[in-house]
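Results of the structural survey
Spelled out from the first residue to the last, the chains are:
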Amino acid sequence: MTMLSPARDLKSAVRAQVEVGFEEFQALYRLLHQYPELPFQEHRTGERLAEALQGLGYEVTRGVGGTGVVALLRNGEGPTVMLRGDMDALPIREETGLEFASRETATTEGGDAVPLMHACGHDLHSSCLVGAAGVMAALREHWRGTLMLVCQPAEEIFGGARAMLDDGLYERFARPDVILGQHNMPALAGTVGHIAGSAMAACTNLAVTLHGAGGHGSMPAQTVDPVVIAAHVVTRLQTIVAREVPPEETVVVTVGKLHAGTQANIIPHSAELELNIRSFDDALHRQVVASIERIVRAECEAGRSPKPPTFRVLNETIALHNDPTAVTHVRQAHAQHFGEGSLYAMPRLNGSEDFPLFGNADAGGFGGGDIPYVYWFIGATPLERWDEVPGKSVSEKMRHLEMPHSPYYFPGNDVTLCTGIEAMAVGALAYLAD
C-alpha cells in the first residue's frame, strides 16, 4: 500500500478530492432536489445515481429491491464497508423559494395526486454517497478492501431496506463487515453528531378497522355505532403509556387518523384508525402493540361489535442501536479530520429509520446475525442562521429551527454537502485504510 507523505496526508487528500469534484456533486444534488420521487417510484433518481457511480468506475446493479442501486468497488484483500444513502421524497409542497425548488407532482397508490419535495434531505444523502464514491475511487491507492454503496428506496415508509434484503443484497453482492450511514439535522453546518447505543426509536404504523352495524341516526338502538367504540378506544389507549410502561421508558402511542361516516344522520358500518407507536426497546415495543390489540378487541366486545376488529401493519422498523465500539472508531476518525470542536453529542431521537435492518438481519428475518453499524448526523444550518437562534446547546437551538418534513426545510447548503461527503469517505477510510 502506498504511504501518504507528511505533505499530503489523508485529510488534505480527501478535501482536495471533494474540492475537485464539488461542482459536479452540487449539480447532482440540485437535479435530485428538483425532481423528487415517492417511495418505490425512484426510477429517474436511481438511474441518475447509477450512471454517476458507473462513471466513477464502480460495478453497478440496478433494480435491487425494486428501485434500489448497489455499487461495488473492489480494491484488493481487506474488509467490506457498506455506505448507505436513501433517495425517496415526501408528498409535501415545497415552500423554500429556491430557484431549483421542486414543482413535481405524483400519483399515490391510492390514486391521489400529490406535490413532491425532498423535505427530509434524502437527495443530500444520495449526493453525499456519490461524492464519497468519487473520493474513494480517486484515493484507491491508499486503501484496501471492498467498498459497497447502497442507494436505498422507500425509507420514508420503512420498506426499502427490507426489500433490498429480501432481494438477496448480501447473498448477491457482499456481506459487509461494518455499515455506515448518516442523516442531516438542523445543527450547525459543518458539524457532525454521534451517539452510541440507543439512538432512534422502533416504529409501527398500525391500521385498525372497527366493525359496527350502521343505520339511521334517529334509531341508534337498532345499530352498533363504531364511532362510539372508536371514541372509547382512543381514550383507553392513553392508559398504556400511563399505566403499563415503566416510567423510565419512553413510549409514544398516537392516533393520527380516525375516520368514520359520511354525514350527521347516518351511523356508519365501520370506523378506521391509524396509530403510530414508537419506543426504544424492541421487546417493550412488541408488548405495547399487543396491549393496543387487547384494548381494541375488548372495547369492540363491550360495544357489541358484530365481528372482531381487523389489524394491518402499514409499515414498521426496529430500534436503531449504534455499535459502541464502531461509534468510537468512526468518531475518532471524524475528530482527526474535522477537529474535536466540530463534533457534538447527538441527543437520542424519537424519529425512526429502517437503516438498522441492514445490521440487525436476524430481527428482520434475514439470518446471519448482527453486523455492527454507525449512523451519525451532519448539521444543516448555516452559521448566520445558527447565531441568530436562541439557546446555548444544540438541542435548545434546534427547537427554534425548521425540522425535516417541513415545507421550508432546506439542508443542502454547500458546507453541509462538503461535510457529508467527507464524513462518509473518512468513515470508510477508518476501516479500509487501517
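Presented here is a report on the structure given in the accompanying data block. (Residues numbered from 1 in each chain as written. Predicted model: local features only at pLDDT ≥ 70, side-chain atom pairs only at ≥ 80, totals over all residues. Heavy atoms only, no water.)

The strand order across the open sheet built from eight strands is β1-β2-β6-β3-β7-β18-β8-β17, with neighbouring strands paired in mixed fashion. For this open sheet the edge positions go to β1 (59-64) and β17 (343-345), each flanked by a neighbour on one side alone. Taken over all neighbouring pairs, the strand axes of this sheet differ in orientation by 25 degrees on average, direction set aside. Against the sheet, helix α2 (residues 43-55) touches β1, β2 (68-75) and β6 (145-152), its axis set at about 165 degrees to β1. Where helix α12 (residues 414-432) meets the sheet, its contacts fall on β3 (80-86), β6, β7 (178-188), β8 (192-194) and β18 (373-381), and the angle it forms with β7 comes to roughly 155 degrees. (Pairing = 2+ DSSP bridges. Helix = DSSP H or I, 4+ residues; strand = E, 2+ residues; numbered from the N terminus. Axes fitted to C-alpha atoms, helices over the stretch in contact; angles between N-to-C directions. Contact = heavy atoms within 4.5 Å.)

A few words now on the pattern of salt bridges. Should their charged atoms come close, side chains of opposite charge can pair. Taken as a whole, this structure holds 14 salt bridges when the rule is applied. Measuring nitrogen to oxygen at the nearest pair gives 3.6 Å for the salt bridge that ties R44 to E37. R84 is the partner of D86 in a salt bridge, and the nearest nitrogen-oxygen pair spans 3.6 Å. Members of the salt-bridge network, linked through shared partners, are R84, D86, E353 and D354. (Salt bridge = Lys/Arg side-chain N within 4 Å of Asp/Glu carboxyl O.)

Within the secondary structure layout, A230 lies in helix α6 (residues 226-243). For A230, a relative accessible area of 0% corresponds to the buried category. It is 29 Å that separates the C-alpha atoms of A230 and G159, two residues lying 71 residues apart in sequence. (Buried < 20%, exposed > 50% of the residue type's maximum accessible area, 1.4 Å probe, protein only.)

Next up on the list: α2. Between its first and last C-alpha, α2 extends 18 Å over 13 residues, near the 18 Å set by a 1.5 Å rise per residue. T45, G46, L49, A50 and L53 are the residues of α2 that are buried. For α2, the arc enclosing every buried residue in end-on projection is 130 degrees, short of the 170-degree limit, so these residues lie on one face. Opposite the buried face of α2, at more than 90 degrees from it, the exposed residues are H43 and G55. Buried residues along α2 sit against α1 (10-34), β1, β2, α3 (122-138) and β6. (Expected span 1.5 Å × (residues − 1). Arc of directions from axis to C-beta.)

Axis separation between α6 and helix α7 (residues 282-302) bottoms out at 9 Å; the angle between their running directions is 145 degrees. Crossing of α6 against α7: the hand is right-handed. Residue-level inspection shows I229, H232, V233, R236, L237, T239 and I240 of α6 in contact with α7, the latter providing V288, S291, I292, I295, V296, E299 and C300. When grouped by side-chain class, the residues that make up the contact of α6 with α7 number nine nonpolar, three polar and two charged. (Left-handed = near helix turned anticlockwise from the far one by under 90°. Nonpolar A, V, L, I, M, F, W, Y, C, P; charged D, E, K, R; others polar.)

Turning our attention to the pairing of strand β14 (residues 270-279). Each regular strand shows side chains that alternate between the opposite faces of the sheet. Direction of pairing for strand β10 (residues 202-211) relative to β14: antiparallel, over a ladder of ten bridges. Residue pairing for β14: A202 is matched across the bridge by S279. Pairing geometry for strand β12 (residues 251-260) and β14, over nine bridges, is antiparallel. Each bridged residue has a counterpart across the sheet, and for V251 the counterpart in β14 is S279.

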